Amino acid sequence: MRCAGAVWAFLGLAPLLVMSVPPIWTQPEQVHLSYTGVPGSMVVTWTTFNKTESVVEYGFVGGRPFEMSSKGDATLFVDSGKEKRRMFIHRVTLRGLKPTAAYVYHCGSDGGWSDVFYFTALNDSSSFSPRFALYGDLGNENPQSLARLQKETQQGMYDVILHIGDFAYDMDEDNARIGDEFMRQIQSIAAYVPYMTCPGNHENAYNFSNYRNRFSMPGNTESLWYSWNLGSAHIISLSTEVYFYLKFGLELLFRQYEWLKKDLEEANRPENRAQRPWIITMGHRPMYCSDDDQDDCTRFDSYVRLGRTDTKPPAPGLEDLFYRYGVDVELWAHEHTYERLWPVYGDKVYNGSFEQPYVNPKAPVHIITGSAGCRERTDRFNPNPKGWSAFRSTDYGYSRMQVFNATHLYLEQVSDDQDGKVIDSIWVVKEKHGVSAWL
Ligand SMILES: [Fe+2]
């Protein structure tokens, strides 16, 4: 009997013992790629729970396996939750890659290696027609579009993924274990193509620390705002959250605004705009939307659009800035729906013509795509949208974009609810870019 009692006592403890088994501390996980903006480069980012070396071994597909190797660094990230969980985020930049060549790679150290992944080095020609998948608001729970995105990415349908804020719901939860789990989920996409991001409101915990630590975007703002070029596009990623989380510093809002102005000025220098005529922005919270909630975009005086007058000094909004520098397309998320707007500025529609609204539009084109899937489900629309609302859908899904050439850009919306059916599409055609295109 005593013996049996001991067995039961042991079995009773067993679940506890299992729970306390630590992860394999030196095993790489959460592998993802990003582009530095420098042709012929790629950043590989991953996580281990103990400090190890940071090595990527790689080679051409079909060539000698792992004939090249690059080293990088790991930074310690201590989550600010109760448990103060520690992890090491490894970053290795591969340089001198041959544009359009396919590579196989794995990452890690002699303490453990990842699975083998592959990627194509981005084509650096301005005549390249890159294909993007884009969405916001993809969570760890109910990530409805993820399976379709996994398959399509692995089939080679996309050159880049844009995740327009709101990850995991939320990365900091359960002492950042939800962040770990989410990064494992997206490895099936993000280890194959650059996964380019901007922050959303769901990243705000501990001053966006999970976001700032886990991603490796270009520039030196810890991935908060940056720009890069691909094909005939100049792509600007920004934080709309600087308009809302003033507790983290109003100076961030002004720093970003000044940076945006300089970046747009530079992109508009005639030689630059001639080479990269499309200017595309991505930010989480839209300036306009017709959802049935009380979000910023439902208000005429949206902070993102018009700025804030309740700060000292008053904070400028983004609509005028983007209009003045001839931004062509503005990509947003946050609303858990899809909405395409007619070309709009100052709350007014400026279609190219009645028959062809997106041919030589006289104002930027806005797309809101935040229905990838998360635990908050989809949102509802206001039954009486304003005149700028052109198409709306509450289906789960995501968008695709191809920057075809200097004059043609294609956008479409995929419904995951309808088995991948394309439910909306437009060609934006511009013979002219820049502010003179509005005249
Ligand atoms: Fe959001």
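Since the model is a prediction, treat every value here as computed from it, not as a measurement.

1. Quick notes on the nonpolar core
Step number 1: Residues L33, V44, L134, I161, L162, I164 and L331 are the most contacted members of the largest nonpolar core, which totals 102 residues.
Step number 2: Sort the elements by how many residues they give to this core and helix α3 (residues 173-190) lands first, with 7 residues.
Step number 3: For this core, the two domains that each supply at least three residues are domain 1 (29-120) and domain 2 (131-438).
Step number 4: Sequence-distant contacts of V44, defined by excluding residues within four places in its chain, comprise V31, L33, V56, V92, L94, Y105 and C107.

2. Describing the sheet that holds strand β2 (residues 42-48)
Step number 1: Spatially, β1-β2-β6-β5 is the arrangement adopted by the 4 strands of the open sheet, whose pairing is antiparallel. Two strands bound the open sheet, and with one partner strand each, they are β1 (29-34) and β5 (73-78). Looking at each pair of strands side by side, their axes are set apart by 20 degrees on average, direction ignored.
Step number 2: The pairing of β5 with strand β6 (residues 86-94) spans 6 bridges and is classified as antiparallel. Its bridge partner lying in β6, A74 is registered against H90.

3. Side note on the sheet that holds strand β10 (residues 131-135)
Hydrogen bonding along the main chain pairs the strands of a sheet, whether they run parallel or antiparallel.
Step number 1: Ordered in space as β14-β12-β10-β26-β27-β28, the 6 strands form an open sheet in which the pairing is mixed. Both outer strands of the open sheet, β14 (195-198) and β28 (421-429), are each paired with one neighbouring strand and no more. Each strand of the sheet is rotated relative to its neighbour by a mean of 20 degrees, with strand direction disregarded.
Step number 2: In terms of strand pairing, strand β12 (residues 160-164) meets β14 through 4 bridges, oriented parallel. Within the sheet, the bridge partner assigned to L162 lies in β14 and is M196.

4. Considerations on the UniProt feature "domain: Purple acid phosphatase C-terminal" (unreviewed entry) in the protein chain
Step number 1: The positions that UniProt labels "domain: Purple acid phosphatase C-terminal" (unreviewed entry) are, in the present scheme, residues 363-425.
Step number 2: Here residues 363-425 is 0% helix and 48% strand, with 19 Å between the C-alpha atoms at its ends.

5. Observations concerning the UniProt feature "domain: Calcineurin-like phosphoesterase" (unreviewed entry) in the protein chain
Step number 1: With numbering matched to this structure, UniProt assigns "domain: Calcineurin-like phosphoesterase" (unreviewed entry) to residues 131-338.
Step number 2: Secondary structure across residues 131-338 divides into 34% helix and 20% strand, with the first and last C-alpha atoms of the span separated by 19 Å.

How each quantity is defined
- Residues numbered from 1 in each chain as written.
- Predicted model: local features only at pLDDT ≥ 70, side-chain atom pairs only at ≥ 80, totals over all residues.
- Core = buried A, V, L, I, M, F, W, Y, C linked by C-beta atoms within 7 Å.
- Buried ≥ 20, exposed ≤ 12 C-beta atoms within 10 Å, placed from the backbone.
- Helix = DSSP H or I, 4+ residues; strand = E, 2+ residues; numbered from the N terminus.
- Domains from an automatic or database assignment.
- Contact = placed C-beta atoms within 7 Å.
- Pairing = 2+ DSSP bridges.
- Axes fitted to C-alpha atoms, helices over the stretch in contact; angles between N-to-C directions.
- UniProt positions renumbered as here; feature names shortened; annotations may be inferred.

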